[in-house]
Amino acid sequence: MTEQRSLTDAVIIGAGPVGLFAVFELGLLGLKAHVVDIQDKPGGQCAELYPEKPIYDIPALPIVTGGELVERLLKQAEPFAPVFHLGQMAEKLEKLDNGNWLMTTDLGQAIEAPVIVVAAGGGSFVPKRPPIAGIDDYEGTSVFYSVRKMESFRGKHLVIAGGGDSALDWTLNLQPVAASVTLVHRRPDFRAAPDSVAKMRALAEAGKITFTVAQITGLEGEGGRLSAVKLKSEAGEAVAPCDTLLPFYGLTMKLGPIADFGLNLTENHIAVDTEKFESSVPGIFAIGDINTYPGKLKLILSGFHEAALMAHQAFHYVHPDQKLRFQYTTTSTELHQRLHVA
Amino acid sequence: MKVLATDREGGQHELSFQEGDTLMQVLTDEDLGVRAECGGCCACATCHVYVDPAWLGCLPPQSDDEVAMLDEAFEVEPNSRLSCQITMSPALNGLTVTIAPDWN
């Protein structure tokens, strides 16, 4: 665990389109931002769910893919040199005696700032947990949703479940380490890198792994120690002995630790006003899909608008004694300097 | 025009639809617990339903995207579909579906 501490003007939770535009809007007002995201790349849902899918309702961009939009927003935010903390979850938020907030991630990164901006969309992307009865008894002992250290699976009898790149990559990577690997997928075909699929099939043909077309219906074991998974397929029911299950069924969104930040929530959304997009706690803002207010539309463009109004209020928390002069990017020399175009 | 939907507790619902609605929209208009997390872009599998086998032949065929997305669903059956991929038409008046189990 790393223990680092930085001081900035605003911590933005979520590197999706709205979080990235918040960097820009804060930057125009001379405010610096750090951005935390659980994914290992910026873009949020645009990058994770629909990088290739066209979006048609971004003002002035008749058509843009999720991936391109993220690229453009990163470019637009570049002059303000945001500091990204990726692959980390915003875990803890505490109020300091000096009035600032201290946000700590699950990797131990601590960031102090007078302003917190929650731009977390639908929440954190976390692995889907299969709805198998009793699975929680085995999580952390025999069932794992990610591989942190390959070495911890040495000599284990693994069942890997799923049909995407994660399932295949870990099948290939763990095969030399594990005592046995059984890959379980509901159909013979995969949507994954063709090269990985070919390598997996070669290993199966050579008898080095087992590939089973089935779905997991139950777990057998005792005291958190797995002994087998129950399988169901068109061929009937079967049992695959194993001591470890690695399910890779993609990601889902969860509000996560934000629910414990002490903010007023309405059906898992953060209630905000529509002048400043501030939550029930002064200095903590919520913009984009994560917030709610009368008339809310979950559109990227709404989040952009919310980011601009948020930034104007955030300025007063960072510089309580200064007056904020409203300026246009077309004419202001000061803004041109901040944008590095002067 | 109506869709007949069974929720996860076994409750029966008769839901009105208009031509061009997706089945996901029809189901999420009522609070039947369909999460439809990605909003209908075939990217999350949280709008999974079982279609009454008698109706399967009337539905638009599955795209590769839908088949692949069902890999991330659970308790997938031969009559599993993602409701966001089914566009409603008069030919589907009376369509009967059961909402698939959710997960957390």
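About the criteria used
- Residues numbered from 1 in each chain as written.
- Chains lettered and ligands numbered in written order.
- Predicted model: local features only at pLDDT ≥ 70, side-chain atom pairs only at ≥ 80, totals over all residues.
- Helix = DSSP H or I, 4+ residues; strand = E, 2+ residues; numbered from the N terminus.
- Buried ≥ 20, exposed ≤ 12 C-beta atoms within 10 Å, placed from the backbone.
- Contact = placed C-beta atoms within 7 Å.
- Rg over C-alpha atoms; globule rule 2.2 N^0.38 Å.
- Nonpolar A, V, L, I, M, F, W, Y, C, P; charged D, E, K, R; others polar.
- Pairing = 2+ DSSP bridges.
- Axes fitted to C-alpha atoms, helices over the stretch in contact; angles between N-to-C directions.
- Parallel < 35°, antiparallel > 145°, perpendicular 65-115°, else oblique.
- Left-handed = near helix turned anticlockwise from the far one by under 90°.
- Core = buried A, V, L, I, M, F, W, Y, C linked by C-beta atoms within 7 Å.
- pLDDT = per-residue confidence, 0-100.
- Expected span 1.5 Å × (residues − 1).

Undergrad: Would you take a moment to explain the overall build of chain A for this structure?
TA: For chain A, the helix and strand inventory stands at seven helices and 23 strands. For chain A, the proportion of its 342 residues judged to be buried stands at 41%. Sequence-distant contacts in chain A: of pairs separated by 6 or more residues, those separated by 24 or more amount to 60%.

Undergrad: For this particular structure, what's the right way to read the overall build of chain B?
TA: What chain B contains, in helices and strands, is two helices and five strands. Across chain B, helices and strands are ordered from the amino to the carboxyl terminus as β-β-α-β-α-β-β. A compact globule built from 104 residues should have a C-alpha radius of gyration of about 13 Å, and chain B, at 12 Å, falls within 12% of that. Summarising its shape, the C-alpha atoms of chain B cover approximately 30 × 30 × 25 Å along the three principal directions. In chain B, once contacts between residues fewer than 6 apart in sequence are set aside, the share between residues at least 24 apart is 66%.

Undergrad: What exactly am I supposed to notice about the interface of chain B and chain A here?
TA: Buried accessible area, meaning the area lost when the parts come together, often serves as the stated size of an interface. Taken together, the 13 residues of chain B in the interface contact 18 residues of chain A. When the residues that make up the side of chain B that touches chain A are grouped by side-chain class, the tally is nine nonpolar, one polar and three charged.

Undergrad: Explain unusual backbone geometry to me, please; I cannot follow it from the model alone.
TA: Leave glycine aside and you will find that most residues have negative phi; peptide bonds, for their part, are mostly trans. Look at A81(A): it is not a glycine, yet its phi comes out positive at around 40°. You can see A81(A) is positioned in the loop between α3 (66-77) and β6 (83-86). We note that A45(B) has phi near 65°; this positive angle belongs to a residue other than glycine. Given 27 C-beta atoms within a 10 Å radius, A45(B) is considered buried.

Undergrad: Help me out: how do you make sense of the sheet that holds strand β20 (residues 265-266) of chain A in this one?
TA: The strands making up a sheet associate through backbone hydrogen bonding, with each pair oriented either parallel or antiparallel. Residues and elements named next belong to chain A. If you walk across this open sheet you meet the three strands as β20-β21-β23, and the pairing is mixed. Both outer strands of the open sheet, β20 and β23 (291-292), are each paired with one neighbouring strand and no more. Pairing analysis gives two bridges linking β20 to strand β21 (residues 269-271), with the strands arranged antiparallel. Across the sheet, residue T266 finds its bridge partner in β21, namely H269.

Undergrad: I tried to follow the packing of helix α4 (residues 165-174) of chain A against helix α5 (residues 194-205) of chain A on my own but got confused; where do I start?
TA: In helix packing, the relevant descriptors are the interaxial angle and the interaxial distance, both defined with respect to the helix axes. Residue and element names in this part refer to chain A. Across the interface, α4 lies against α5 with an axial gap of 10 Å and an inter-helix angle of 45°. Put simply, α4 runs oblique to α5. The two elements α4 and α5 cross, and the hand of that crossing is left-handed. Residue-level inspection shows D165, L168, D169, T171 and L172 of α4 in contact with α5, the latter providing S196, V197, K199 and M200. Split into classes, the residues belonging to the contact of α4 with α5 amount to four nonpolar, two polar and three charged.

Undergrad: Help me out: how do you make sense of the sheet that holds strand β22 (residues 284-286) of chain A in this one?
TA: Residue and element names in this part refer to chain A. The strand order across the open sheet formed by five strands is β6-β3-β2-β10-β22, and the pairing between neighbours is parallel. Among the strands making up the open sheet, the edge pair consists of β6 and β22. With direction set aside, neighbouring strand axes in the sheet form an average angle of 20°.

Undergrad: Looking at this structure, I do not really get the nonpolar core. What am I missing?
TA: Residues and elements named next belong to chain A. Counting residues in hydrophobic clusters, the biggest one holds 85 residues, and the most contacted among them are A22, I116, V117 and V118. Among residues more than four places away in sequence, those in contact with I116 are V11, L93, W101, M103, G283, I284 and F285. One finds I160, A161, I216 and Y249 within the second-largest nonpolar core, a separate group that totals 30 residues.

Undergrad: Please clarify how the confidence of the model for chain B should be interpreted in this entry.
TA: Predicted coordinates in areas of low pLDDT are best not read in detail. Confidence in the prediction for chain B averages 94 pLDDT; 99% of positions are at 70 or higher. The complex prediction reports pTM at 0.81, with the ipTM value standing at 0.89.

Undergrad: Please clarify how helix α6 (residues 300-318) of chain A should be interpreted in this entry.
TA: For the α-helix, the turn length of 3.6 residues means that residues three or four positions removed from each other point alike. With 19 residues, α6(A) should reach 27 Å at 1.5 Å per residue; the first-to-last C-alpha distance of 26 Å fits that figure. Along its buried surface, α6(A) packs onto β2 (10-13), α1 (17-28), β10 (115-118) and β22 of chain A.

Undergrad: Help me understand the environment of G163(A), please; the structure alone is not making it clear to me.
TA: All names here are of chain A. For G163, the location among the structural elements is in the loop between β12 (157-161) and α4. What makes G163 buried here is the crowd of 26 C-beta atoms within 10 Å. It is 5.6 Å that separates the C-alpha atoms of G163 and H185, two residues lying 22 residues apart in sequence.

Undergrad: Any chance you could explain the environment of D243(A) here in plain terms?
TA: Residue and element names in this part refer to chain A. Its location among the elements puts D243 in the loop between β17 (236-241) and β18 (244-247). Accessibility expressed as a C-beta count within 10 Å gives 20 for D243, which makes it buried. For D243 and S142, which are 101 residues apart along the polypeptide, the C-alpha to C-alpha distance reads 6.3 Å. Discounting residues that sit within four places of it in the chain, D243 has contacts with S142, K156, H157, R225 and L226.

Undergrad: What am I meant to see in the pairing of strand β1 (residues 2-6) of chain B here?
TA: The side chains of a regular strand alternate between the sheet's two faces. All names here are of chain B. Of the two faces of β1, the one lined by V3 and A5 is fully buried and the one lined by K2, L4 and T6 carries no buried residue. Two elements, β1 and strand β2 (residues 12-16), share five bridges in a ladder whose sense is antiparallel. The partner of T6 across the bridge, within β2, is Q12. Note: β1 against strand β5 (residues 95-99), four bridges, orientation parallel. Each residue of the ladder has a partner; that of L4, found in β5, is T96.

Undergrad: Explain the environment of K156(A) here, please?
TA: All names here are of chain A. Summarising the element assignment, K156 is placed in the loop between β11 (124-127) and β12. Residues K156 and L107, spaced 49 residues apart in sequence, show a C-alpha to C-alpha distance of 27 Å. Ignoring any residue separated from it by four or fewer positions in sequence, one finds K156 in contact with A178, A179, D243 and T244.

Undergrad: What's the story with α5(A) in this structure? I'm lost.
TA: Here α5(A) contains twelve residues, and its C-alpha end-to-end distance of 16 Å stays within 8% of the 16 Å for a straight helix at 1.5 Å per residue. Within two residues after α5(A), G207(A) carries a phi angle of roughly 75°, on the positive side.

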